[in-house]
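# Per-entry structural report
Okay, here's what each chain looks like letter by letter:
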Amino acid sequence: VQLQASGGGLVQAGGSLRLSCAASGRTRNKYVMGWFRQAPGQEREFVATISGSGTKTYYAESVKGRFTISRENAKNTVYLQMNSLKPEDTAVYYCAAQIDYSGTIYSASWEYAYWGQGTLVTVSS
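Definitions and cut-offs
Residues numbered from 1 in each chain as written. Predicted model: local features only at pLDDT ≥ 70, side-chain atom pairs only at ≥ 80, totals over all residues. Heavy atoms only, no water. Helix = DSSP H or I, 4+ residues; strand = E, 2+ residues; numbered from the N terminus. Contact = heavy atoms within 4.5 Å. Pairing = 2+ DSSP bridges. Axes fitted to C-alpha atoms, helices over the stretch in contact; angles between N-to-C directions. Disulfide = S-S within 2.5 Å. Buried < 20%, exposed > 50% of the residue type's maximum accessible area, 1.4 Å probe, protein only.

Our next topic: the side chain of S51. Here S51 is to be found in the loop between strand 5 (45-50) and strand 6 (57-59). Residues contacting S51, with those up to four places away along its chain left out, are Y31, V32, K56, R71, G103, T104 and I105.

Right under this line is the structure:
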């Protein structure tokens, strides 16, 4: 499966952005989806994940209550709604996918086999 992330940009602190991740290719499989981010000079970190059915979600503590992950399986698209953005949210955001039919959610990057190219989010103070 191929993943295409979009929606990044420059926003002021306190603002909002919605990222999208469109999947193409072998979309008949059921995938757990995740968002990760990598700030300059830092390691890639987990942000949020959603199960294949969309019934389970899990967030990093740093974004809980501000970010919402969702999916539209009919459109093969996953979203990350980001509200109350902070300068420390500045990073390249990546979407990731892993085939899963068990309903599990994953928060470790090594658990994902497929990655998009990333979209830059810059939050100014």
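Next comes the rest of the description.
Looking now at the sheet that holds strand 7 (residues 67-72). Within the open sheet, the four strands sit side by side as 1-3-8-7. Their pairing is antiparallel. At either margin of the open sheet sits one strand with a lone partner, and together these are strand 1 (2-6) and strand 7. Adjacent strand axes in the sheet meet at a mean angle of 15° when their direction is disregarded. Pairing of strand 1 with strand 3 (residues 17-24) involves five bridges; the strand directions are antiparallel. Within strand 3, the residue paired with Q4 across the bridge is A22.

What the rule picks out here adds up to one disulfide. The residue that forms a disulfide with C21 is C95, at a sulfur-sulfur distance of 2.1 Å. Between C21 and C95 the disulfide shows an S-S torsion of about 65°. By sign, it is right-handed. Placement of the pair is C21 in strand 3 and C95 in strand 9 (residues 91-99), with a sequence separation of 74 residues. Relative accessible area serves as the criterion here: at 0%, C21 is assigned to the buried category.

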